[in-house]
Amino acid sequence: MQKSCSNCEANANYSVVLITSTVGISKRLQQSSVSVPFCAECYREFCERICSDVLRNAVNNAYTAIKEQLSERSMARKPTRD
């Protein structure tokens, strides 16, 4: 079943899950959020609005890596013509 974008109700292309961890203490605590679906356009807008440059770069790097993997996957599935 296709999920809808949490922002605009278009078909979702990506899902964001946040992992929050404590820092500087032993027995680190960690918790993840539920996934939040986004269409490609709203995901790009989300990335642009992140207020921390470091976090924005980390999210953009993950997004770029996924796009490259999807591209490689789709190219591997295309039949070659001789």
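Residues numbered from 1 in each chain as written. Predicted model: local features only at pLDDT ≥ 70, side-chain atom pairs only at ≥ 80, totals over all residues. Heavy atoms only, no water.

A.B. asks: Can you help me understand the confidence of the model for the protein chain in this one?
C.D. replies: Note: predicted coordinates in regions of low pLDDT should not be interpreted at a detailed level. This prediction gives the protein chain a mean pLDDT of 89; 95% of its residues lie at or above 70. Model confidence for the protein chain, summarised as mean pLDDT per element, is weakest for helix α2 (residues 53-77) at 87 and strongest for strand β4 (residues 36-38) at 97. (pLDDT = per-residue confidence, 0-100. Helix = DSSP H or I, 4+ residues; strand = E, 2+ residues; numbered from the N terminus.)

A.B. asks: Which parts of the structure should I look at to understand the nonpolar core?
C.D. replies: In globular proteins that are soluble, nonpolar side chains generally tend to be buried together. Among the nonpolar cores identified, the biggest contains 12 residues, and these are C5, Y14, V16, F38, C39, A40, C42, Y43, C47, I50, V59 and Y63. If you list the elements that add at least two residues to this core, you get β1 (14-16), α1 (40-49) and α2. Broken down by element, the residue count for this core peaks at four residues, all from α1. With residues up to four places along the chain from it excluded, the contact list for V59 reads Y43, F46, C47 and I50. (Core = buried A, V, L, I, M, F, W, Y, C linked by side-chain atoms within 4.5 Å. Buried < 20%, exposed > 50% of the residue type's maximum accessible area, 1.4 Å probe, protein only. Contact = heavy atoms within 4.5 Å.)

A.B. asks: What is the right way to read the packing of aromatic side chains from this model?
C.D. replies: Two aromatic rings, taken as a pair, are described by how far apart their centres are and by the angle between their planes. Scanning all chains against the criterion turns up six aromatic pairs. When the ring of Y14 is compared with that of Y43, the centres are 5.3 Å apart and the planes differ by 35°; the resulting orientation is tilted. In this pair, Y14 is assigned in strand β1 and Y43 in helix α1, connecting sequence segments 29 residues apart. Taken individually, Y14 and Y43 each receive the classification buried, so the pair is uniform in this respect. The interplanar angle of 65° and the centroid separation of 6.4 Å between the aromatic rings of F38 and Y43 together place this pair among those described as edge-to-face. On the basis of relative accessibility, which here comes to 11%, the residue F38 falls in the buried class. (Phe/Tyr/Trp six-rings, centres within 6.5 Å; stacked < 30°, edge-to-face > 60°.)

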